[in-house]
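Observations on chain architecture
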Amino acid sequence: MKVTQVKINEVSKIINLPISTIRYYEKVGIITDEYVLRDQNNYRIYTPGIIQHLEVVKQCLAVGFTIQDIESMISKNGFSENEQSVIIQGKISEIEEAQQKLEHAKQSLNDILRSNITCEDGFGKH
């Protein structure tokens, strides 16, 4: 038997997202009309493609894309291979920059430890 529609609570369980998040995604355009149907009682139901769509959304969020980034990508409705590469390279650059900042902060903290600064006599006094 082929599933042709999925209720919101089923979507929530399958992809492990709260129903409120699914509704929010629909409201802001992350879930587009192509995935949303209404049953005879006007309850919201979804096409089976919603599962893969939301899994991709979750992956994008997990690697650092914002909701706004995802909205922008969805509204564009398709990318060339070059455009996709540019977007991914941009995110890689952001991650590398964040790594450099964290490494610098780590080095600064190690320098403070080595300088033997204590706060017993007041902040930053030896």
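Residues numbered from 1 in each chain as written. Predicted model: local features only at pLDDT ≥ 70, side-chain atom pairs only at ≥ 80, totals over all residues. Heavy atoms only, no water.

**So, the packing of aromatic side chains**
Summed over the entire model, instances satisfying the criterion amount to one aromatic pair. Relative to Tyr-25, the ring of Tyr-24 has its centre 6.2 Å away and its plane inclined at 50 degrees; by these criteria the two rings are tilted. Taking the relative accessible area as the measure of exposure, Tyr-24 reaches 39% and is therefore partly exposed. If you follow Lys-91 out to its NZ or CZ, it ends over the ring of Phe-65, 5.0 Å from the centre. (Phe/Tyr/Trp six-rings, centres within 6.5 Å; stacked < 30°, edge-to-face > 60°. Buried < 20%, exposed > 50% of the residue type's maximum accessible area, 1.4 Å probe, protein only. Lys NZ or Arg CZ within 6 Å of the ring centre and 35° of its normal.)

**Looking at the nonpolar core**
Of all hydrophobic cores here, the largest spans 22 residues; its most connected members are Val-11 and Ile-31. Elements supplying a minimum of two residues to this core: helix H1 (8-15), helix H2 (19-28), helix H3 (49-62) and helix H4 (67-76). Sequence-distant contacts of Ile-31, defined by excluding residues within four places in its chain, comprise Ile-22, Tyr-25, Glu-26, Val-36, Tyr-46, Ile-50, His-53 and Leu-54. (Core = buried A, V, L, I, M, F, W, Y, C linked by side-chain atoms within 4.5 Å. Helix = DSSP H or I, 4+ residues; strand = E, 2+ residues; numbered from the N terminus. Contact = heavy atoms within 4.5 Å.)

**Concerning the side chain of His-53**
As for its placement among the helices and strands, His-53 is situated in helix H3. Judged by relative accessible area, His-53 falls into the buried class, the value being 14%. Residues contacting His-53, with those up to four places away along its chain left out, are Ile-30, Ile-31, Tyr-35 and Ile-74.

**Let's talk about the pattern of salt bridges**
For the coordinates displayed, the defined rule picks out five salt bridges. Here Glu-94 and Lys-91 are joined by a salt bridge, their closest N and O atoms 2.9 Å apart. Residue Glu-94 and its partner Lys-91 are located together in helix H5 (residues 81-114), separated by three residues, close to a single helical turn. Residue Glu-94 is classed as partly exposed on the basis of its relative accessible area, which comes to 48%. Residue classification places Lys-91 among the buried residues on the basis of a relative accessible area of 8%. The shortest N-O distance in the salt bridge between Arg-114 and Asp-111 comes to 2.6 Å. Residue Arg-114 and its partner Asp-111 are located together in helix H5, separated by three residues, close to a single helical turn. Note on Arg-114: relative accessible area 57%, which makes it exposed. (Salt bridge = Lys/Arg side-chain N within 4 Å of Asp/Glu carboxyl O.)

**Notes on the environment of Ala-62**
Here Ala-62 shows up in helix H3. Ala-62 gets classed as exposed once you look at its relative accessible area, which sits at 68%. Taking the C-alpha atoms as reference points, Ala-62 and Glu-83, 21 residues apart in sequence, are found 20 Å from one another.

**Section: H2**
Since one α-helical turn is 3.6 residues long, residues separated by three or four positions face the same way. Residues of H2 that are buried: Ile-22, Tyr-25 and Glu-26. Down the axis of H2, the sector holding all buried residues measures 100 degrees, keeping them to one side. With respect to the buried face of H2, the exposed residues turned more than 90 degrees away are Ser-20 and Lys-27. Check the buried side of H2 and you find it contacts H1, strand E2 (36-38), strand E3 (44-46), H3 and H4. Positive phi shows up at Gly-29, right after H2, with a value of about 95 degrees. (Arc of directions from axis to C-beta.)

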